[in-house]
Amino acid sequence: LFGPRQVVETPEFHRAPELVWTGHEFAMAWLDDRDGAEGIYFVRFTADGVPLADPARLVPAALWSTYNCSVSLAVTDAGFVLAWSAVWDERPGWWPVPHSQVRFMPLDALGHATRDSVVVCDQYSSFGTKCSNGQLRRTGGEMGLFWTAPSHDDGYASWTWFVGIDTSGDLVGEARQT
């Protein structure tokens, strides 16, 4: 293995890195505001930590707040799946409306989006309960996306939700509380 190495070489704000191993290289996604507006970036590395390309912005900021954002990355047969949660103000100005979503997007083996993102949780909230903490996990040929959000019946209690994703990046079934 290699020693510590700086992989993001800009002085701006970076956080929430997510690293995966494909079996022959690493890939990483993270939140970054190098252009003055936060977005999600992606880069692949050789097994010894050498970047294979410059970091690429996959998801631009959409009036995001950095409050409670998360990034998750998983390896698929065709490349990767990126998932994220974010909170933003849908109506900027004097009377904001906090809005949160959990989304995922399939990526090819080079880290390019193969289609638009898919929303699995979408909620307005003025009480602080929201879609958050989206996390991907894969075991063998199965993958799932987990997140926390209020129940449809009880807007105050947080529940863990789950939806299956196949190895090509398509939803399997409907989201359900666990």
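Look a little higher up for the structure.
Now for a description of the structure that goes with this document. Owing to the predicted nature of the structure, the values given are computational and were not obtained by experimental measurement. (Residues numbered from 1 in each chain as written. Predicted model: local features only at pLDDT ≥ 70, side-chain atom pairs only at ≥ 80, totals over all residues. Heavy atoms only, no water.)

1. Regarding the pattern of salt bridges
As a reminder of what qualifies: Salt bridge, as applied in this entry: a Lys or Arg side-chain nitrogen positioned within 4 Å of an Asp or Glu carboxyl oxygen. Helix numbers and strand numbers start at the N terminus; a helix is a DSSP run of H or I with at least 4 residues, a strand a run of E with at least 2.
If you walk through the whole model with that rule in mind, you get three salt bridges. Of the charged contacts, one joins Glu25 and Arg44 as a salt bridge, the two residues approaching to 2.6 Å between their closest N and O atoms. Of the two residues, Glu25 is situated in the loop between strand 1 (14-21) and strand 2 (26-32) and Arg44 in strand 3 (residues 39-45); the sequence distance between them amounts to 19 residues. Note that Arg115 is salt-bridged to Asp170, the shortest N-O span being 2.8 Å. Highlighted residues: Arg115 in the loop between strand 7 (98-108) and strand 8 (118-124) and Asp170 in the loop between strand 11 (158-165) and strand 12 (171-177), separated in sequence by 55 residues.

2. Topic: the nonpolar core
Counted only if it meets this: In plain words, nonpolar cores are sets of buried Ala, Val, Leu, Ile, Met, Phe, Trp, Tyr and Cys residues tied together by side-chain atoms within 4.5 Å. Note on exposure labels: buried denotes an accessible area under 20% of the residue type's maximum, exposed denotes more than 50%, and partly exposed covers the range between, all computed with a 1.4 Å probe on protein chains only. Here, two residues are considered to be in contact whenever any of their heavy atoms come within 4.5 Å of each other.
In this structure, Ile40, Leu73, Phe80, Leu82 and Leu107 are the most contacted members of the largest nonpolar core, which totals 18 residues. For this core, the secondary-structure elements that each account for two or more residues are strand 2, strand 3, strand 4 (56-59), strand 5 (64-75), strand 6 (79-89) and strand 7. Sequence-distant contacts of Leu82, defined by excluding residues within four places in its chain, comprise Ala29, Ile40, Leu58, Val59, Val71, Ser72, Leu73, Arg103, Phe104, Met105, Leu107 and Leu136. Listed in part, the 16 residues of the second largest apolar core include Val81, Val120, Cys131 and Ala149.

3. Notes on the side chain of Gln101
Among the structural elements, Gln101 can be located in strand 7. Look at Gln101 and you get buried, because its relative accessible area is 7%.

4. Section: the sheet that holds strand 12
Note the threshold: When DSSP finds at least two bridges between two strands, those strands are taken to pair. Lines fitted to C-alpha atoms define the axes, with helix axes restricted to the stretch in contact, and inter-axis angles between N-to-C directions lie between 0 and 180 degrees.
The four strands lie next to each other as 9-10-11-12, forming an open sheet whose pairing is antiparallel. Of all the strands in the sheet, the pair left with one neighbour each is strand 9 (132-139) and strand 12. Neighbouring strand axes in the sheet, compared pairwise and without regard to direction, differ in orientation by 20° on average. Pairing geometry for strand 9 and strand 10 (residues 142-150), over six bridges, is antiparallel.

5. As for the pairing of strand 2
Most of strand 2 is tucked away: seven of the seven residues are buried. Alternating positions in strand 2 separate into two faces, Phe26, Met28, Trp30 and Asp32 on one and Ala27, Ala29 and Leu31 on the other, with burial throughout. Judged from the seven bridges that link them, strand 2 and strand 3 form a sheet pairing that is antiparallel. Within strand 3, the residue paired with Asp32 across the bridge is Gly39. Where strand 2 folds back on strand 3, the antiparallel hairpin that results is connected by six residues, among which Gly36 adopts a positive phi of roughly 90°.

Just distances and angles here, no functional claims.
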